[in-house]
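# Descriptive structure summary
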Amino acid sequence: MTRTNLMAGTILASALATGAAAQTELSMWYHGAGNEVESEIINRIVGDFNESQDEWEVSLQSFPQGSYNDSVIAAALAGNLPDILDVDGPVMPNWAWSGYLQPLPIDESLIENFLPGTKGEWNGELYSIGLWDAAVAMVTRQSYLDQFDIRVPTLEEPWTLEEFDAALVKIKESGEFAYPLDLGMAWTGEWYPYAFSPFLQSFGGDIVDRETYSTAEGALNGDAAVEFGEWWQSLFERDLVPGTSQDPADRDNGFVEGKYAISWNGNWAALNILNEYGDDTLFLPAPDFGNGPVIGAASWQFGVSATSEHPEGAAAFIEFALQDEYLAAFSNGIGLIPPTESAAEMTENYKEGGPMAVFYELSESQAKLRPVSPGYVVAAKVFEKALADIANGADVQDTLDAAVDEIDADIERNQGYGH
Amino acid sequence: MSRSRLTQSNRAGWTMALPGFGLIAVFIILPFFFAFGLSFTNQRLISPNPTEWVGFDNYRQLMGVGVLTLEPERDDAGAVIRDEDGAIEYPRLRGFTRGNPDYAHLDGMREWTSWQWGEDRVVLLARDVVFMKAVVNTLTFVAVVAPVQAGLALVLALLINQRLRGINVFRTIYFMPVVVSIVVVSLLWRFIYDGNDGLLNNLLSAITFGAFEPVDWLGNPDTALPAIMAMSIWQAVGFHMVIWLAGLQTISPTLYEAAEIEGTSRWQTFRYVTWPGLRNTAVLILIVITMQAFALFAQIDVMTGGGPLDSTQTIVFQAVERGYGKQDISGGSTISVLLFLLVLTISLIQRYLTRERN
């Protein structure tokens with residue numbers, strides 16, 4: 001080789017070497033493909049992070065939400081997990097127990113003021129942190145309540161079971177609506193446990209016994225649960241709620257179109273309703289069925305995979321994403337609850353006096369996490385089927401017994417799921 | 001002799017077939033043996049716990065059955081207690097099946113079906129009622145769809161076997177549903193079957209001038225499975241029509257001419273000329289439809305998800321639900337093995353009944 005070539009070669013090699021050392025690539029998976037607003041915001045965060053420093057470069061891959069969990073499981077089996085991934089709150093213990101996630105190496109002081117539902121903890125360690133929380137409320141219009149002379153419930157004084165039931169019957173008898181209440185039976189999947197287990201918990205039951213997490217006996221088929229089951233079945237028998245064959249289009253648009261008087265809906269669908277009815281919209285707290293009103297908590301959260309070679313880089317990205325401006329951006333974009341009060345002040349809907357500010361308080365005071373257990377994945381499916389069967393007319397006690405047996409058998413087969 | 005010819009002078013052929021054979025071996029034959037193996041373990045889809053051998057536990061769990069005779073509730077005088085409708089009251093089953101030491105063999109079982117026996121009620125219990133219902137539903141589906149679809153396809157084939165102008169248009173129209181993906185067909189028919197504004201309800205209402213009450217086809221346990229049967233038959237009939245057509249066209253026209261000379265009626269022509277010539281085609285079609293019917297899955301997954309009160313559960317749907325949904329891959333494998341044995345038995349029976357009698 002001539003001297004010039006040798007020189008050129010060395011310079012090129014060193015340039016490449018420094019270039020490679022300067023930017024380590026981090027792969028990241030996100031579940032928001034197809035959702036333009038979410039994609040735009042997450043792409044912005046990734047872009048800002050990459051520009052703000054030289055050490056790491058995050059490359060984002062988006063998946064459709066429906067197949068996201070299956071893709072992660074398949075990747076875990078093949079040993080192909082990305083560095084950073086996001087995980088649905090209640091599924092996180094299962095992934096942590098299976099060894100997909102490692103404890104989050106981020107600075108805990110950053111998340112001190114976060115809503116409890118956004119922190120994903122398992123076995124005493126923090127595994128994931130969310131950029132938003134989701135809540136559910138009874139959505140209705142002030143004009144409807146006035147028309148039927150129904151009291152407006154507050155956080156301190158929510159509806160009781162009798163009051164709520166009587167209101168539904170009154171609305172039904174007027175004949176003005178197709179159904180008084182829309183619970184969203186068309187949204188099969190995680191919606192059923194997320195939206196309806198709070199009712200069960202408010203009656204005094206639960207999906208599993210949270211003291212030991214080793215059985216569901218007594219919690220899911222005890223007296224409180226049977227009481228819940230019979231009330232649940234009566235809703236459909238009395239035609240107060242559209243049943244399992246509800247059209248998904250009716251679920252999305254029925255309240256706005258005037259088909260339903262009250263809708264049990266999440267705040268991600270609230271923006272649509274606010275746009276239509278503006279100040280007339282009311283977001284009411286869940287009724288108190290006997291043991292205090294409860295709503296669900298925990299949505300999608302970010303975590304670091306166990307096989308990642310650069311957990312510090314992943315942690316750096318997650319810490320970057322936790323800044324108030326991004327929390328506010330997500331909230332403004334998709335209508336979900338920002339995790340901190342300071343971020344809430346920056347948003348349109350959750351600032352003091354904003355139309356959805358009540359959700360922040362609801363989340364703070366009434367939210368209860370779904371059972372924190374790796375067994376939740378199976379328990380959720382069993383619970384969903386039990387609710388659908390009871391809604392369709394099956395015997396309440398037998399259906400709940402069968403659900404308990406299935407959950408118990410699954411916990412036993414997995415040797416207690418590490419509890 | 002044939003062995004040496006197959007292997008030696010056909011080296012090029014084997015080499016070209018090797019990729020295909022390789023892929024089939026890896027993706028079909030290997031998982032097949034895996035399924036047998038996994039069904040004897042407690043393998044989970046993802047788990048930090050090591051896999052253990054459990055023998056026939058999975059099979060017992062799926063197929064366990066029991067029988068219980070319930071005696072009516074009697075009051076102090078010994079007379080039978082009846083409720084408002086006059087039906088006899090029996091003790092609740094859960095007193096026997098949940099933690100009752102005298103009936104330990106029935107622990108955890110649920111009622112599958114029951115019938116009256118004099119004053120007593122005989123209850124057939126199963127350890128996994130959903131699986132039993134899935135088997136019954138699948139067998140019902142096969143029993144109805146196989147003859148109806150084959151018969152309908154034959155009728156259509158006879159119709160399009162004529163020498164008319166534009167007959168190809170009809171052939172295309174009848175075959176088109178086969179080309180459309182079953183998932184797309186299921187989504188479209190879900191709208192047709194919709195209980196509130198579905199096309200079917202509107203049509204029936206219009207024909208009967210409003211006398212027809214709208215039916216929630218997919219939400220009613222009695223109509224859900226027949227609705228799916230109708231849709232499946234509609235989608236697949238074109239495929240078998242084409243096979244019948246091929247069979248029809250192998251029948252020598254001289255036989256028809258001879259029959260015409262003899263002065264046979266149309267029914268006699270069909271019975272004595274056409275049908276015997278279609279024997280082999282009939283055997284093929286029957287076996288193919290049976291196998292395809294046992295694999296009923298996509299329609300259920302898209303339209304009813306197991307259906308109102310388990311009325312549209314099927315074996316393959318249960319296997320997928322258990323194996324991937326509930327992450328119990330050993331349970332899913334067990335169901336697959338049972339399905340294989342079921343289909344094998346029925347195919348062998350069919351083969352035996354339709355064998356060449358010489």
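Quick caveat, the model's predicted, so the values are computed rather than measured.

The subject of this paragraph is the sheet that holds strand β1 (residues 65-70) of chain B. Residues and elements named next belong to chain B. Strands sit in the order β1-β3-β2 across an open sheet of three strands; the sheet is antiparallel. In the strand order of this sheet, the two ends are held by β1 and β2 (110-117), each with one partner. Pairwise comparison of adjacent strand axes, ignoring direction, gives a mean angle of 20° for this sheet. The pairing of β2 with strand β3 (residues 120-126) spans seven bridges and is antiparallel. Bridge assignment links E111 to a residue of β3, and that residue is L125.

To continue, consider the interface of chain B and chain A. Across the boundary between the two partners, chain B contributes 23 residues, which contact 25 residues of chain A. In terms of residue class, the side of chain B that touches chain A is made up of six nonpolar, 10 polar and seven charged.

All names here are of chain A. At a minimum axis separation of 8 Å, helix α8 (residues 223-237) and helix α15 (residues 376-391) run at an interaxial angle of 50°. With respect to each other, α8 and α15 are oriented oblique. In contact with G229, W232, Q233 and F236 of α8, α15 contributes L387, I390 and A391.

We now examine the sheet that holds strand β8 (residues 179-182) of chain A. All names here are of chain A. As summarised here, the arrangement of the four strands in space is β8-β9-β7-β10, forming an open sheet in which the pairing is mixed. Edge positions in the open sheet fall to β8 and β10 (281-284), since each of these has one partner strand only. Within the sheet, the average angular offset between the axes of one strand and its neighbour, ignoring direction, is 20°.

Attention now moves to the environment of M356 of chain A. All names here are of chain A. With respect to the secondary-structure elements, M356 resides in the loop between α13 (341-345) and α14 (357-366). Residue classification places M356 among the buried positions, given that 25 C-beta atoms sit within 10 Å. Linking M356 and D223, residues 133 residues apart in sequence, is a C-alpha distance of 36 Å.

This part takes up the domain arrangement of chain B. Taken domain by domain, chain B consists of domain 1 (65-126) and domain 2 (130-353). Taken over C-alpha atoms, the centre of domain 1 of chain B sits 39 Å from the centre of domain 2 of chain B.

Looking now at α15 of chain A. Residue and element names in this part refer to chain A. In this model α15 runs 22 Å from its N-terminal to its C-terminal C-alpha over 16 residues, within 8% of the 22 Å that 1.5 Å per residue would give. Taken across its 16 residues, α15 has 16 buried, putting it largely inside the fold. Trailing α15 by a residue or two, G393 shows a phi angle of about 110°, which is positive.

Moving on: the domain arrangement of chain A. All names here are of chain A. Domains assigned within chain A are domain 1 (24-134 + 298-357) and domain 2 (136-293 + 375-418). Averaged C-alpha coordinates put domain 1 and domain 2 at centres separated by 28 Å. At the interface, 12 residues of domain 1 touch 11 residues of domain 2. Ranked by the residues each element gives to the side of domain 1 that touches domain 2, the list is headed by helix α4 (residues 92-98), at three residues. Residues of the side of domain 1 that touches domain 2, tallied by class, amount to 10 nonpolar, two polar and no charged.

Rules of the game
Residues numbered from 1 in each chain as written. Chains lettered and ligands numbered in written order. Predicted model: local features only at pLDDT ≥ 70, side-chain atom pairs only at ≥ 80, totals over all residues. Pairing = 2+ DSSP bridges. Helix = DSSP H or I, 4+ residues; strand = E, 2+ residues; numbered from the N terminus. Axes fitted to C-alpha atoms, helices over the stretch in contact; angles between N-to-C directions. Contact = placed C-beta atoms within 7 Å. Nonpolar A, V, L, I, M, F, W, Y, C, P; charged D, E, K, R; others polar. Parallel < 35°, antiparallel > 145°, perpendicular 65-115°, else oblique. Buried ≥ 20, exposed ≤ 12 C-beta atoms within 10 Å, placed from the backbone. Domains from an automatic or database assignment. Expected span 1.5 Å × (residues − 1).

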